[in-house]
Amino acid sequence: MTCIFCKILNKEIPSFKIYEDENTYAFLDINPINKGHTLVISKKHYKDIYDIPENTLKHLILTVKKLSIPIKQATNADGISISQNNEEAAGQVIFHIHFHIIPKFKNKTSNKYKEGEAQKLANKIKTLL
Ligand code: AMP
Ligand code: ZN
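All values reported here derive from a predicted model rather than from experimental measurement.

Conventions used here
Residues numbered from 1 in each chain as written. Chains lettered and ligands numbered in written order. Predicted model: local features only at pLDDT ≥ 70, side-chain atom pairs only at ≥ 80, totals over all residues. Heavy atoms only, no water. Near = heavy atom within 4 Å. Polar contact = N/O pair within 3.5 Å; in protein donor to acceptor, adjacent residues only side chain to side chain. Areas by Shrake-Rupley, 256 points an atom, 1.4 Å probe, with all protein chains shown as cover. Helix = DSSP H or I, 4+ residues; strand = E, 2+ residues; numbered from the N terminus. Nonpolar A, V, L, I, M, F, W, Y, C, P; charged D, E, K, R; others polar. Salt bridge = Lys/Arg side-chain N within 4 Å of Asp/Glu carboxyl O. Buried < 20%, exposed > 50% of the residue type's maximum accessible area, 1.4 Å probe, protein only. Contact = heavy atoms within 4.5 Å. Expected span 1.5 Å × (residues − 1).

A few words on the site of ligand 1. Surrounding ligand 1, one finds 16 residues, the nearest of these being Asp-29, Gly-91, Val-93, His-98 and His-100. Note that an oxygen atom of ligand 1 is positioned 2.6 Å from one of the backbone N or O atoms of Gly-91. A distance of 2.7 Å separates an oxygen atom of ligand 1 from a polar backbone atom of Val-93. Protein coverage of the free-state accessible area of ligand 1, which is 510 Å², stands at 84%. Elements with a contribution of two residues or more to the shell around ligand 1: helix 1 (4-9), strand 2 (24-28) and strand 5 (98-104). Of the residues forming the shell around ligand 1, the biggest block, 3 residues, is contributed by helix 1. Within the shell around ligand 1, the residues separate by chemical class into 9 nonpolar, 6 polar and 1 charged.

Take the pattern of salt bridges next. Under the counting rule described, the total for this entry stands at 3 salt bridges. A salt bridge links Glu-117 to Lys-35, with the shortest nitrogen-to-oxygen separation between them at 3.1 Å. With a gap of 82 residues between them, Glu-117 in helix 3 (residues 117-128) and Lys-35 in the loop between strand 2 and strand 3 (38-42) connect regions that are remote in the sequence. With relative accessibility at 23%, the residue Glu-117 sits in the partly exposed group. A residue is classified by how much of its surface remains accessible, and Lys-35, at 18% relative accessible area, is buried. One salt-bridge network, held together by shared partners, links Lys-17, Glu-20 and Lys-43.

Now for the environment of His-100. Mapped onto the elements of the fold, His-100 is located in strand 5. Distance from His-100 to His-37, taken between C-alpha atoms, is 7.0 Å for residues 63 residues apart in sequence. The contacts of His-100, once residues within four sequence positions are left out, are Asp-29, His-37, Thr-38, Leu-39, Ser-81, Ile-82, Ser-83 and Asn-85.

With 22 residues, helix 2 (residues 54-75) extends 31 Å from end C-alpha to end C-alpha; this agrees with the ideal 32 Å at 1.5 Å per step. Inspection of helix 2 places Thr-56, Leu-60, Thr-63, Val-64, Leu-67, Ser-68, Pro-70, Ile-71, Ala-74 and Thr-75 among the buried residues, and these make up the whole buried set. A positive backbone phi angle near 55° is found at Asn-76, which sits one or two residues after helix 2.

Don't take any of this as a statement about function, it's just geometry.
See below:
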C-alpha cells in the first residue's frame with residue numbers, strides 16, 4: 001500500500017494525532033490553511049465519497065462533528081470550515097477519503113507552527129475532547 005494516509009495509520013509516517021477510534025483517525029494537516037487545520041480519515045482505505053460505504057461515512061462525519069468544537073476552542077477560531085475534495089479537478093491530492101476541519105478567523109493569523117507548537121496544539125485539542 002503506497003497511500004500516504006495508510007502509511008500514517010501504520011505509523012510509517014509520523015503525524016500529530018488528535019483523535020482515534022475503531023473506524024476513524026484525525027491528525028493535524030502538515031500544510032495548514034490555518035493553525036489547527038485537521039484531517040479526519042477512515043481507517044480503511046477508500047478513495048473518495050463515491051467509494052466509501054454509507055456506514056463508514058457516518059462514522060467519519062460524526063468524528064468531524066466531535067472534533068469541531070474542541071478545535072474551535074483550542075485555536076480561538078471565530079468559525080470552522082468543513083470541506084472534502086473528490087477527484088483531481090476538485091483539488092483532491094491524496095486519494096484516501098478525508099474531511100478537512102479548518103479553523104477560520106476574522107483577522108489574519110499566521111499558519112506556520114513554531115517549534116513544538118503543533119504538538120502543543122494537538123495536546124490542547126485532546127484535553128478539550
Ligand atoms: P486534498 O487536497 O483534499 O487531497 O488534501 C490533502 C491534504 O493532505 C493537504 O491539505 C496536505 O497538506 C495534507 N497532507 C499531505 N501529506 C500529509 C502528511 N504527511 N501529514 C499531514 N497532512 C498531509
Ligand atoms: Zn490509504
